[in-house]
Amino acid sequence: MELNWLLLAPNDNQSYIQHFNPAPHSANVTVQDGEPDFIYYLPPIPNEYYDAVMVSQEYIQNAPPEAYLHWLRVVKPNGKVYVQSNQIAPLEQAIMLANPVLSDLQPLGNHSFVMTKKSYSPTSQDYLLLHALQSEAKQEYGKALGLYQQAMAWYPNNWGIYQKLFLLYQRMGWTHLTEHISEQFYLCQQTPIAKILQAQLLLQNQDYPHGFKMREAALVDIPFNKRTQYPPEGDAILAKKWKRQSLKGKTFVIWNEFGLGNEIMFMQLAHFFKRYLGAAKLIVLADVANVELFQTHPDIDLVLDAATWQTTLPDFDYWEFPYGLLARFDKPFKEIPKRHPYFFIPETKRNIFENDFAESTRPRIGFAWRSSLKDAVRSITQITDLDKLIQNIPNVDWFCLQKDLSEEERAWLQQHHIPHFADRLHTFIDTASIMSHLDFVVSTDNAVIHLAGAMNIPAAVVLSSDAYDWRWGIVGKKHNLWYPSVLNIHAPHALATWQETLTLAAEVVREHIQIVR
């Protein structure tokens, strides 16, 4: 059977084969060169593809330790990696990292070494990750770290491992390691989507200047219809995309981008663009569900339904997507002027729901538990899990803020004598009008919690153990950069259920409800 060998050498130089001289005459040798990051991580090459890999001195000199994991990754069990190096000392860190995968390391006597891969693999990466998470849950962090590193050694192109390591490093407060692991997260795949996800890890580290710039750079070749249902079209419109020109005396458009919660959150920047950058007129193209709400923002001059922009948008100077706004600045987010609250509900709207609260004499808490996508990371899918919240906060009046209720959810609310407004919630101005009567809001990560923050209502966002959403900042921290009134309630450990997290949330809410009433 013909053997497949890979030679990593600059300029497709096959003379290096003579240096190693390990390949049998029957071997089919592929010579590969390229940019260092490609050579170090070999992203397009599948696992266990080659019988051996030979690496020339030029690529060894600056190779990171992780490169050896990927060279070993692409060889079969019992396969070999031949390394051209004058001494073993520079390889020590790489050897330690790759130790779970190595069965042998030997000098060849011609200024090179050969690494032999073990003949077996662990049962599965899921098995290693599960045991790592179980160790985290027991606060056995050293053991968890070892298991993650073992998983990374065997499966270095699985970005899920890097995500888990990132979250562990955040919980431990090891910021310098989170920066390194976010880079590895991208390099193991080297695709546009991986770059976007790397940017979101930087954003979660609250490195906004680098994170937003990286995200926009990764999206440069992505069609606008992947960012919005109502993309800008036509040469005249596209030519007006903002490139950090002065906005003084100009008309500026913030273009619609996917996500109702995102729209609400980024409207916080309207104050900065209008009052400090000097935009003469600020126009927002919004989802129809947000239009009337956004019209209450003091710094926005005109709000239009994004679906109608081709017939309603007046002449303007520049436009930008919400995510692109902060990509133009190096100023730390904390130093950008803001106003809280930034939505103000008219009395006429507020009075519509006055009678719904007439008999409520105790602290009023509104709650929601699902995102519009109903995903398991941001949604509580078992309605009875909410018993842990409701039953552990006595002597308050609960009000349901969830829209589109199922029959099971309606029955649960009726059982607990909790009023809901699902049939009266048409747009977010309705939700905001109800929330203006509340003392506190508890919600999972959805548009409701963003609205609470935008209205400066005391609130708590409940985040699952799998949540690593950048908007809420560093895992384990109680506060986020966007909303001073919103507390972060992270899952207490890596395998925490919604019931455990809601029990913790109840404790936090009990402590704060006396303060805010």
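See above for the structure.
Residues numbered from 1 in each chain as written. Predicted model: local features only at pLDDT ≥ 70, side-chain atom pairs only at ≥ 80, totals over all residues. Heavy atoms only, no water.

**Student:** Give me the overall build of the chain: which residues, what numbers.
**Tutor:** Tallying secondary structure elements over the chain gives 23 helices and 15 strands in all. Structurally, the chain occupies a C-alpha span of about 85 × 55 × 40 Å along its principal axes. Burial analysis of the chain (517 residues in total) assigns 54% to the buried set. The long-range fraction of contacts in the chain, counting pairs at least 24 apart against all pairs at least 6 apart in sequence, stands at 68%. Element-wise, carbon and sulfur atoms account for 49% of the exposed surface of the chain, whose accessible area totals about 22,700 Å². (Helix = DSSP H or I, 4+ residues; strand = E, 2+ residues; numbered from the N terminus. Buried < 20%, exposed > 50% of the residue type's maximum accessible area, 1.4 Å probe, protein only. Contact = heavy atoms within 4.5 Å. Areas by Shrake-Rupley, 256 points an atom, 1.4 Å probe, with all protein chains shown as cover.)

**Student:** Residues and numbers for the pattern of salt bridges, please.
**Tutor:** In the structure shown here, the tally under the stated rule is 21 salt bridges. Between Glu 320 and Arg 328 there is a salt bridge, with the nearest N and O atoms lying 3.0 Å from each other. Classification of Glu 320 as buried rests on a relative accessible area of 0%. Residue Arg 328 is classed as partly exposed on the basis of its relative accessible area, which comes to 27%. Residues Asp 423 and Arg 410 are paired through a salt bridge, measuring 3.0 Å at the closest nitrogen-oxygen approach. Taken together, the residues span a long stretch of sequence, with Asp 423 in the loop between α20 (407–415) and α21 (428–435) and Arg 410 in helix α20 at a distance of 13 residues. Classification of Arg 410 by relative accessible area gives partly exposed; the value is 24%. (Salt bridge = Lys/Arg side-chain N within 4 Å of Asp/Glu carboxyl O.)

**Student:** An account of the environment of Asn 488 is requested, with residue identities and associated values reported.
**Tutor:** Mapped onto the fold, Asn 488 is located in strand β15 (residues 486–490). Residue classification places Asn 488 among the buried residues on the basis of a relative accessible area of 6%. Separated by 294 residues in sequence, Asn 488 and Ala 194 have C-alpha atoms that sit 27 Å apart. Once residues within four sequence positions are removed from consideration, Asn 488 is found in contact with Val 461, Leu 463, Trp 472, Lys 477, Lys 478, His 479 and Asn 480. Polar contacts involving the side chain of Asn 488 include one to the main-chain carbonyl oxygen of Trp 472, which spans 2.8 Å. (Polar contact = N/O pair within 3.5 Å; in protein donor to acceptor, adjacent residues only side chain to side chain.)

**Student:** Could you give an account of the layout of surface pockets, naming the residues involved and the relevant values?
**Tutor:** Approximately 420 Å³ is the volume attributed to the second largest pocket. Put simply, the parts of the chain that give the lining of the second largest pocket at least two residues each are α6 (125–137), α8 (159–172), β15 and α23 (498–516). Residue classes in the lining of the second largest pocket are distributed as eleven nonpolar, six polar and five charged. (1 Å grid on protein atoms, 1.4 Å probe; cavity = no way out; pocket = protein on both sides within 12 Å on 5 of 7 lines; lining within 4 Å. Points joined across faces, edges and corners; volume = space filled by probe spheres on them. Nonpolar A, V, L, I, M, F, W, Y, C, P; charged D, E, K, R; others polar.)

**Student:** Lay out the packing of α8 against helix α10 (residues 192–204) with the relevant residues and their values.
**Tutor:** Between α8 and α10, the shortest axis-to-axis distance is 12 Å and the interhelical angle comes to 5°. Taken together, α8 and α10 sit at an angle that is classed as roughly parallel. Of the residues in α10, those in contact with Trp 159, Phe 166, Leu 167 and Gln 170 of α8 are Ile 193, Ala 194, Leu 197, Leu 201 and Gln 204. Of the residues in the contact of α8 with α10, the class split is seven nonpolar, two polar and no charged. (Axes fitted to C-alpha atoms, helices over the stretch in contact; angles between N-to-C directions. Parallel < 35°, antiparallel > 145°, perpendicular 65-115°, else oblique.)

**Student:** Please set out α8 residue by residue, giving values where relevant.
**Tutor:** Taking 1.5 Å per residue as the helical rise, α8 with its 14 residues ought to reach 20 Å, and the 20 Å between its terminal C-alpha atoms agrees with that figure. Here α8 lies mainly inside the structure; ten of its 14 residues are buried. Burial in α8 covers these residues: Gly 160, Ile 161, Tyr 162, Gln 163, Leu 165, Phe 166, Leu 167, Leu 168, Tyr 169 and Gln 170. Where α8 is buried, its residues contact α4 (65–73), α6, α7 (141–154), α9 (175–187) and α10. The N-terminus of α8 is capped by Asn 158, whose side-chain oxygen sits 2.8 Å from the backbone nitrogen of Gly 160. (Expected span 1.5 Å × (residues − 1).)

**Student:** Tell me about α9, residues and numbers included.
**Tutor:** Turn by turn, an α-helix covers 3.6 residues, leaving residues three or four places apart pointing in a common direction. Here α9 contains 13 residues, and its C-alpha end-to-end distance of 19 Å stays within 8% of the 18 Å for a straight helix at 1.5 Å per residue. Where α9 is concerned, the buried positions are Thr 178, Ile 181, Ser 182, Gln 184, Phe 185, Tyr 186 and Leu 187. Of the surrounding secondary structure, the elements contacted by the buried residues of α9 are α2 (36–41), α4, α8 and α10.

**Student:** Before we move on, could you go through the nonpolar core and cite the residues and values that matter?
**Tutor:** Ranked by size, the top nonpolar core spans 69 residues in total, and within it Phe 252, Phe 273, Leu 293, Phe 343, Met 435 and Trp 482 carry the most contacts. Residue contacts for Phe 343: discarding those within four places in its chain leaves Ile 264, Met 267, Leu 293, Phe 294, Thr 296, His 297, Leu 451, Ala 454 and Met 455. (Core = buried A, V, L, I, M, F, W, Y, C linked by side-chain atoms within 4.5 Å.)

**Student:** Go over the side chain of Arg 73 with me, naming the residues and quoting the values.
**Tutor:** Looking at where Arg 73 falls in the secondary structure, it is placed in helix α4. Discounting chain neighbours no more than four positions away, the residues touching Arg 73 are Tyr 41, Leu 42, Pro 43, Ile 45, Pro 46, Asn 47, Glu 48, Lys 117, Pro 156 and Asn 157.

**Student:** Residues and numbers for the packing of α6 against α8, please.
**Tutor:** Packing of α6 against α8 brings their axes to within 11 Å, and their N-to-C directions diverge by 10°. Regarding the angle of α6 to α8, the classification is roughly parallel. Facing Leu 129, Leu 133 and Glu 136 of α6, the residues of α8 in contact are Ile 161, Lys 164, Leu 168 and Arg 171. Its residues placed into classes, the contact of α6 with α8 shows four nonpolar, no polar and three charged.

**Student:** Which residues make up the packing of aromatic side chains, and what values do they have?
**Tutor:** Scanning the model with the defined rule gives 39 aromatic pairs in all. Both rings, one in Phe 252 and one in Phe 273, keep their centres 5.3 Å apart while their planes meet at 15°; by these two values the pair is stacked. Within this pair, whereas Phe 252 is found in strand β7 (residues 251–254), its partner Phe 273 is found in helix α14 (residues 270–276), the two being separated by 21 residues in sequence. The pair Phe 252 / Phe 273 is uniform in exposure class, with both members buried. (Phe/Tyr/Trp six-rings, centres within 6.5 Å; stacked < 30°, edge-to-face > 60°.)

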